[in-house]
Amino acid sequence: MKVIKGKQSIEFEKPPYLLSWASVVAQKEGEGPLGDFFDQVIDDPFFGEKTWEMAEGRFMKQAAMLAIQKAGLTKNEIRYAFAGDLLEQNTATSYGLKDLELPMFGLFGACSTAGESLSLASITVAGGFAEHVLAAASSHIGSAEKQFRFPLEYGNQRPLSATWTVTGSGGFIVSKKKSPIKIRGITTGKIVDYGMKDPMNMGACMAPAAAQVIYQHFEDYSMAPKDYDAIYTGDLGEVGKDILIRLLNENGYDISKVHGDCGLEIYENETQDTHSGGSGCACSAVVLASMLTRKLINGEWKRILFVPTGALMSKTSFNEGESVTGIAHAVLLEKEET
Amino acid sequence: MRKEPSKQEYNQMVEEMTPKHNCFLNCIKAFVTGGAFCLLGEFMKQMMMKYWGLGKKDSLMFVTIELVLLSVLLTGFNLYGKITKFGGAGGLVPITGFANSVASPAIEYQKEGQVFGIGVKIFTIAGPVILYGIFSSFVIGIIYLLAKQWGWM
């Protein structure tokens, strides 16, 4: 079997497993349609901390600790951690995970971080460099709005294409040890730039990146949409979902029957007033750690493609007139037959 | 991918597929919201003139101060955002919107300290309005001065 597959993919010879997963979210997410599936819903948006940044870190720490605990491990057995968030200098990750004292790789992939961390964790385990690796990603509406947009109390009208940053964190233990979910392979995305300038329309900024990586995944694996029970993008929202399906349709792949978007699952857009859906690193991470893993475990699905999507931008690049580029990373998950 | 749209085609596609707020409806909401603030101001002015015995000029000044206070309180209770969400420019443009844009960073950045937090960042949103407001009145002032000097006015 060839491990290096096609142009951008890997198919692991000895696939690593998703040994455990944990999702910790805030109240709004807890009130959403997936509310019952999350491991913990924290009502205090500050999670006992004083600032949004530290609160986000606390969410990540909680998700990491829960994932380790659910795997039946102790933190000393975790060889590496791959984690990231949306903030400048990965503030939440650095402060959130410092107490766990793990050998650490901090990542930035915007909202695609869950895919990036899972990819790298899988490579590390499959390569034989570690037994158990932690992958985590977090975001927080307070810290994200403060960094990218306006203070929370500032009144303005959000466009219909805008998304709502998910508060929470998802943690995963990728391991050599067998579990019901296997990571068969990954497809790593490229930075895709279509000159989009509207950060309030993230779905449109990221959809081409998602389309590119999903297309390449099909090519590399010589598979088609019908081979998957579900293909889940991270946070494209209503607008991005339509664009993605159209872009892939033009390339001969009709994913409309199997495609879902984590951002569209986490909130009830109409009643929770979230406009185009959820977003943020935590969006895809907590949806994977709740709904997607559940459906794999109970046998409803056998094979899914998990594709977190990220918009690579900063406030500075936006003010300097640069476009919002997109990236997406695909992780191929399969139910392990026992 | 085999078939990729050009940047231009893609922009057009996004334009077509992105839903927008209904402009006409938004204008009506803005009119009602902004109008409500003006009506409130006028009511306060009349009341102060009648019961506090203030002159027109003084009561107008008081109206400004009171509306700012009201907006800051509403911001503190996280209610002003809801007004602007409904009313759009009707909530942003009146002096209450301006007060909201100063009070909200004060709350948000308070944790970064009195100097580097509140001090530096309190005008992040209102700053440009103040700067260009003063600058444009300066330019108009010069035009006015010259026009008067040369007997155009």
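In this text, all values refer to a predicted model and were calculated from it rather than measured experimentally. (Residues numbered from 1 in each chain as written. Chains lettered and ligands numbered in written order. Predicted model: local features only at pLDDT ≥ 70, side-chain atom pairs only at ≥ 80, totals over all residues. Heavy atoms only, no water.)

(A) Structural detail: the domain arrangement of chain A. All names here are of chain A. Domains assigned within chain A are domain 1 (17–175) and domain 2 (181–335). The interface is formed by 51 residues belonging to domain 1 together with 52 residues belonging to domain 2. Together domain 1 and domain 2 conceal approximately 4,200 Å² of surface at their shared face, both sides included; 68% is due to carbon and sulfur atoms. The largest share of the area that domain 1 buries against domain 2 comes from Trp21, Cys111 and Thr163, three residues that together contribute 14% of it. (Domains from an automatic or database assignment. Contact = heavy atoms within 4.5 Å. Buried area = accessible area lost by both parts, 1.4 Å probe.)

(B) Expanded view of helix H8 (residues 127–149) of chain B. For H8(B), which comprises 23 residues, the first-to-last C-alpha distance of 33 Å matches the rise-based estimate of 33 Å (1.5 Å per residue) to within 8%. Among the residues trailing H8(B), Gly151(B) stands out with phi positive, at a value near 75°. (Helix = DSSP H or I, 4+ residues; strand = E, 2+ residues; numbered from the N terminus. Expected span 1.5 Å × (residues − 1).)

(C) A look at a nonpolar patch on the surface. Together, Leu131(B), Tyr132(B), Phe135(B), Phe138(B), Val139(B), Ile142(B), Ile143(B), Tyr144(B), Leu146(B), Trp150(B), Trp152(B) and Met153(B) make up a nonpolar patch on the protein surface, roughly 1,400 Å² of accessible area in all. Tracing the backbone shows Tyr132(B) in helix H8. (Patch = residues over 30% accessible without salt bridge, like charges linked within 9 Å, V, L, I, M, F, W, Y side chains within 5 Å. Areas by Shrake-Rupley, 256 points an atom, 1.4 Å probe, with all protein chains shown as cover. Salt bridge = Lys/Arg side-chain N within 4 Å of Asp/Glu carboxyl O.)

(D) Inspection of the interface of chain A and chain B at higher detail. Taken together, the contacts link 37 residues of chain A with 37 residues of chain B. Together, the buried faces of chain A and chain B total about 3,400 Å²; carbon and sulfur atoms form 57% of this surface. The largest per-residue losses of area from chain A upon contact with chain B belong to Glu153(A), Gln157(A) and Tyr194(A), which jointly make up 23% of the total buried on that side. Linking chain A with chain B are three salt bridges, by the criterion used here. The partner of Glu250(A) in a salt bridge is Lys3(B), and the shortest N-O contact between them spans 3.5 Å. Those elements giving two or more residues to the side of chain A that touches chain B turn out to be helix H6 (202–221) and helix H7 (237–249) of chain A. Of the residues forming the side of chain A that touches chain B, the biggest block, six residues, is contributed by H6(A).

(E) Main features of helix H6 (residues 95–109) of chain B. With 15 residues, H6(B) ought to run about 21 Å at 1.5 Å a step, and its terminal C-alpha atoms sit 22 Å apart, in line with that. Within H6(B) the residues assigned to the buried category are Thr96(B), Gly97(B), Ala99(B), Asn100(B), Ser101(B), Val102(B), Ala103(B), Ser104(B), Pro105(B), Ala106(B), Glu108(B) and Tyr109(B). (Buried < 20%, exposed > 50% of the residue type's maximum accessible area, 1.4 Å probe, protein only.)

(F) How the structure looks around the packing of helix H2 (residues 23–51) of chain B against helix H4 (residues 80–87) of chain B. All names here are of chain B. One can describe the packing of H2 onto H4 by two numbers: an axis separation of 8 Å at closest approach and a directional angle of 135°. Considering their axes alone, H2 and H4 lie oblique with respect to each other. In contact with Lys29, Ala30, Thr33 and Phe37 of H2, H4 contributes Tyr80, Ile83, Phe86 and Gly87. Classifying every residue of the contact of H2 with H4 gives five nonpolar, two polar and one charged. (Axes fitted to C-alpha atoms, helices over the stretch in contact; angles between N-to-C directions. Parallel < 35°, antiparallel > 145°, perpendicular 65-115°, else oblique. Nonpolar A, V, L, I, M, F, W, Y, C, P; charged D, E, K, R; others polar.)

(G) Focus on a negative patch on the surface. A surface patch of negative charge is lined by Glu238(A), Asp242(A), Glu268(A) and Glu270(A). With respect to the helices and strands, the residue Glu268(A) is situated in the loop between helix H8 (262–266) and helix H9 (269–272). (Lys, Arg positive; Asp, Glu negative; His and termini not counted. Charge placed at Lys NZ, Arg CZ, Asp CG, Glu CD.)

(H) Spatial organisation of unusual backbone geometry. Residue and element names in this part refer to chain A. Even without being a glycine, Ala110 presents a positive backbone phi close to 50°. Turning to its location among the elements, Ala110 is positioned in the loop between strand E6 (104–107) and helix H4 (113–126). Even without being glycine, His275 reaches a positive phi, approximately 60°.

(I) Layout of the pattern of salt bridges. Enumeration according to the criterion identifies 21 salt bridges over all chains in this entry. Notably, a salt bridge pairs Lys146(A) with Glu53(A), separated by 3.5 Å at the nearest N-O pair. Placement of the pair is Lys146(A) in helix H5 (residues 141–148) and Glu53(A) in helix H2 (residues 52–70), with a sequence separation of 93 residues. Exposure class is identical for Lys146(A) and Glu53(A). Each is buried. Among the ionic pairs, Glu112(B) bridges to Lys146(A), the shortest N-O distance being 2.9 Å. Here the residue Glu112(B) occupies a position in the loop between H6 and helix H7 (114–121), and Lys146(A) occupies one in helix H5, the pair thus bridging two chains. It is possible to trace a salt-bridge network through shared partners that takes in Lys5(A), Glu11(A), Lys178(A), Lys182(A), Arg184(A), Arg303(A), Glu334(A) and Glu336(A).

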